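Coordinates in review
Each chain, written out:
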Amino acid sequence: AFSSFFGDAGLVGSTAVHPRADLFEAKDHLHFRAELPGMKREDIHVELGDGVLTLSGSRQVYGSDGKEQRKAEFSRSVSIPTRVQEDKIVARYEDGVLTVSLPKAEEVKPRKIAVQVK
């Protein structure tokens, strides 16, 4: 069930984790979404610096016998294509899905300009 989340983590000696993630744009926000099934909120870290959003974390991987085998860690970075209001970024984790909403900075929002006829 976790094969898409853990990628090749099932291989002996591998600790790679590759969560599915997507960045999409709405009118006033950018949204970053990542699938992190079974993760604890305290094991998920989100940072924004120099125009790059980085998601990282770790979780324990269990063998078929139910015993803990090792810690699997992941880090995923995505370039943010526009300036955002860093003080208004909101991250939510619900039902195994992390959603980070990044409001666009005022100066990059599209503005309508009325055209006058003379």
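Residues numbered from 1 in each chain as written. Predicted model: local features only at pLDDT ≥ 70, side-chain atom pairs only at ≥ 80, totals over all residues. Heavy atoms only, no water.

**Considerations on the overall build of the protein chain**
In terms of helices and strands, the protein chain carries one helix and seven strands. Going through the 118 residues of the protein chain one by one, you find that 30% of them count as buried. Counting only contacts in the protein chain whose residues sit at least 6 apart along the sequence, the fraction spanning at least 24 positions is 46%. With an accessible surface of roughly 8300 Å², the protein chain has 47% of that area assigned to carbon and sulfur atoms. (Helix = DSSP H or I, 4+ residues; strand = E, 2+ residues; numbered from the N terminus. Buried < 20%, exposed > 50% of the residue type's maximum accessible area, 1.4 Å probe, protein only. Contact = heavy atoms within 4.5 Å. Areas by Shrake-Rupley, 256 points an atom, 1.4 Å probe, with all protein chains shown as cover.)

**Topic: the nonpolar core**
Counting 14 residues, the largest nonpolar core has Phe32, Leu36, Ile44, Leu55 and Leu98 as its most contacted members. Mapped onto this core, the elements with two or more residues apiece are β2 (29-35), β4 (52-62) and β7 (97-103). Among residues more than four places away in sequence, those in contact with Phe32 are Ala21, Asp22, Leu23, Leu53, Leu55, Val78, Leu98, Thr99 and Val100. (Core = buried A, V, L, I, M, F, W, Y, C linked by side-chain atoms within 4.5 Å.)

**A look at the sheet that holds strand β6 (residues 90-94)**
Ordered in space as β1-β2-β7-β6, the four strands form an open sheet in which the pairing is antiparallel. The sheet terminates laterally at β1 (21-25) and β6, the two strands that pair on one side only. Averaged over all pairs of adjacent strands, the angle between strand axes in this sheet comes to 15°, irrespective of strand direction. Examined bridge by bridge, β1 and β2 share five bridges and lie antiparallel to one another. Bridging from a neighbouring strand, Glu25 pairs with Leu30 of β2. (Pairing = 2+ DSSP bridges. Axes fitted to C-alpha atoms, helices over the stretch in contact; angles between N-to-C directions.)

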